[in-house]
Amino acid sequence: MVAESLPYGWQERSPKQVAAIVLLILMAMVLSFVELPVVPGAEWLKYDPSGIVSLLATILYGSWIGVAVAVTSWIPHLVTDPLGAFMNIMATVSLILVVGTVYRRKPCLMHAVLGCAAGVVVSSAVSICLNFVVTPLYMGATYEQVASLVLPALLPFNVVKALANSVVAIVSYRKLASLLEEQEGNLSNSDQNRS
């Protein structure tokens, strides 16, 4: 009865996977409130580490889970900062979809790195386009002010943000994968000792 009421695809997931996904959503939501302004003169450009968790969810469970983590983590911000939340969601989702698409073709470290490299380019392009369209509405800045920030601030900021999220997600995934393999090895050893 309960399994039938779950969204499509969730019936196949184990309770541990569902719990892990919920924890990833909660982690991303908490980290979305850690916003660090890093560009002087462009206070609206803030780095938050929630994209790391969304990317990790993408590598572990697929693109649509990563998108769900990214979108859900920014829901509280839609009330207080709807345009900023929308821009963050779009930048993160563009990164996630590219990484997930490339990684799923052949799940290995090389494809994760290639996906992240392509995702950095796409996410940066999406962020810059959104900054040209939304930032003048959002901050009351003129198009000239936004244009004067493109090369010195927007491009490096968006590239570094997407790159930092990608690198930390890949390193975290590698560490998590090795811990899980170690744990499975310990479980199989304990099962063999019992028999």
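Residues numbered from 1 in each chain as written. Predicted model: local features only at pLDDT ≥ 70, side-chain atom pairs only at ≥ 80, totals over all residues. Heavy atoms only, no water.

(A) Summary view of the overall build of the protein. Looking only at helices and strands, the protein features 7 helices and 2 strands. Written out in order from the N terminus, the α and β elements of the protein read α-β-β-α-α-α-α-α-α. In the protein, buried positions account for 39% of the 195 residues. For the protein, the accessible area works out to roughly 11,100 Å², and carbon and sulfur atoms hold 69% of it. (Helix = DSSP H or I, 4+ residues; strand = E, 2+ residues; numbered from the N terminus. Buried < 20%, exposed > 50% of the residue type's maximum accessible area, 1.4 Å probe, protein only. Areas by Shrake-Rupley, 256 points an atom, 1.4 Å probe, with all protein chains shown as cover.)

(B) A look at a nonpolar patch on the surface. Taken together, the side chains of V22, L23 and L26 present a nonpolar region at the surface, about 270 Å² in accessible area. On the secondary structure map, L26 appears in helix 1 (residues 15-31). For L26, a relative accessible area of 45% gives the class partly exposed. (Patch = residues over 30% accessible without salt bridge, like charges linked within 9 Å, V, L, I, M, F, W, Y side chains within 5 Å. Salt bridge = Lys/Arg side-chain N within 4 Å of Asp/Glu carboxyl O.)

(C) Structural view of the packing of aromatic side chains. The final tally for this structure, using the stated rule, is 1 aromatic pair. A ring pair is formed by Y103 and Y173, whose centres lie 6.3 Å apart and whose planes are at 80°; its orientation type is edge-to-face. Highlighted residues: Y103 in helix 5 (residues 82-105) and Y173 in helix 7 (residues 143-194), separated in sequence by 70 residues. (Phe/Tyr/Trp six-rings, centres within 6.5 Å; stacked < 30°, edge-to-face > 60°.)

(D) Quick peek at the side chain of S124. Here S124 lies in helix 6 (residues 109-139). In this structure the side chain of S124 is engaged in a polar contact, spanning 2.7 Å, whose partner is the backbone oxygen of V120. For S124, the side chain forms a polar contact with the main-chain nitrogen of V159, separated by 3.5 Å. With near-sequence residues (within four places) excluded, S124 lies in contact with N158 and V159. (Polar contact = N/O pair within 3.5 Å; in protein donor to acceptor, adjacent residues only side chain to side chain. Contact = heavy atoms within 4.5 Å.)

(E) Molecular detail of the packing of helix 2 (residues 50-61) against helix 5. At a minimum axis separation of 9 Å, helix 2 and helix 5 run at an interaxial angle of 25°. Considered as vectors, helix 2 and helix 5 are oriented roughly parallel to each other. For the pair helix 2 and helix 5, the crossing hand works out as right-handed. Side by side, helix 2 and helix 5 meet where G51, S54, L55, T58, I59, L60 and Y61 of the first sit next to T92, L95, I96, V99, G100, Y103 and R104 of the second. In the contact of helix 2 with helix 5, the residues fall into 8 nonpolar, 5 polar and 1 charged. (Axes fitted to C-alpha atoms, helices over the stretch in contact; angles between N-to-C directions. Parallel < 35°, antiparallel > 145°, perpendicular 65-115°, else oblique. Left-handed = near helix turned anticlockwise from the far one by under 90°. Nonpolar A, V, L, I, M, F, W, Y, C, P; charged D, E, K, R; others polar.)

(F) Focus on the nonpolar core. Core analysis: the largest hydrophobic core is formed by 27 residues, its most contacted members being L45, L55 and V99. The residues contacting V99, other than those within four sequence positions of it, are L55, I59, G115 and C116. V53, A57, Y61 and I65 belong to the second largest nonpolar core, which has 9 residues in total. (Core = buried A, V, L, I, M, F, W, Y, C linked by side-chain atoms within 4.5 Å.)

(G) Looking closely at the UniProt feature "transmembrane region" (unreviewed entry) in the protein. The sites that carry the UniProt feature "transmembrane region" (unreviewed entry) are, in the present numbering, residues 20-39, 51-71, 83-103, 112-134 and 146-171. Along residues 20-39, the helical share is 60% and the strand share 10%, with 34 Å between the first and last C-alpha atoms. Helix makes up 100% of residues 112-134 and strand 0%, whereas the separation of the span's terminal C-alpha atoms amounts to 31 Å. (UniProt positions renumbered as here; feature names shortened; annotations may be inferred.)

(H) View of the environment of A118. One can find A118 in helix 6. Between the alpha carbons of A118 and V99 there is a distance of 7.4 Å; along the sequence they are 19 residues apart.

(I) Representation of the packing of helix 3 (residues 63-73) against helix 5 in the model. Where helix 3 contacts helix 5, the axes come no closer than 9 Å and their chain directions differ by 165°. Taken together, the axis directions place helix 3 and helix 5 in an arrangement best described as roughly antiparallel. For the crossing formed where helix 3 meets helix 5, the hand is right-handed. Contacts from S63, W64, G66, V67, A70 and V71 of helix 3 reach helix 5 at I89, T92, V93, I96, L97, G100 and T101. Considered class by class, the residues forming the contact of helix 3 with helix 5 number 8 nonpolar, 5 polar and no charged.

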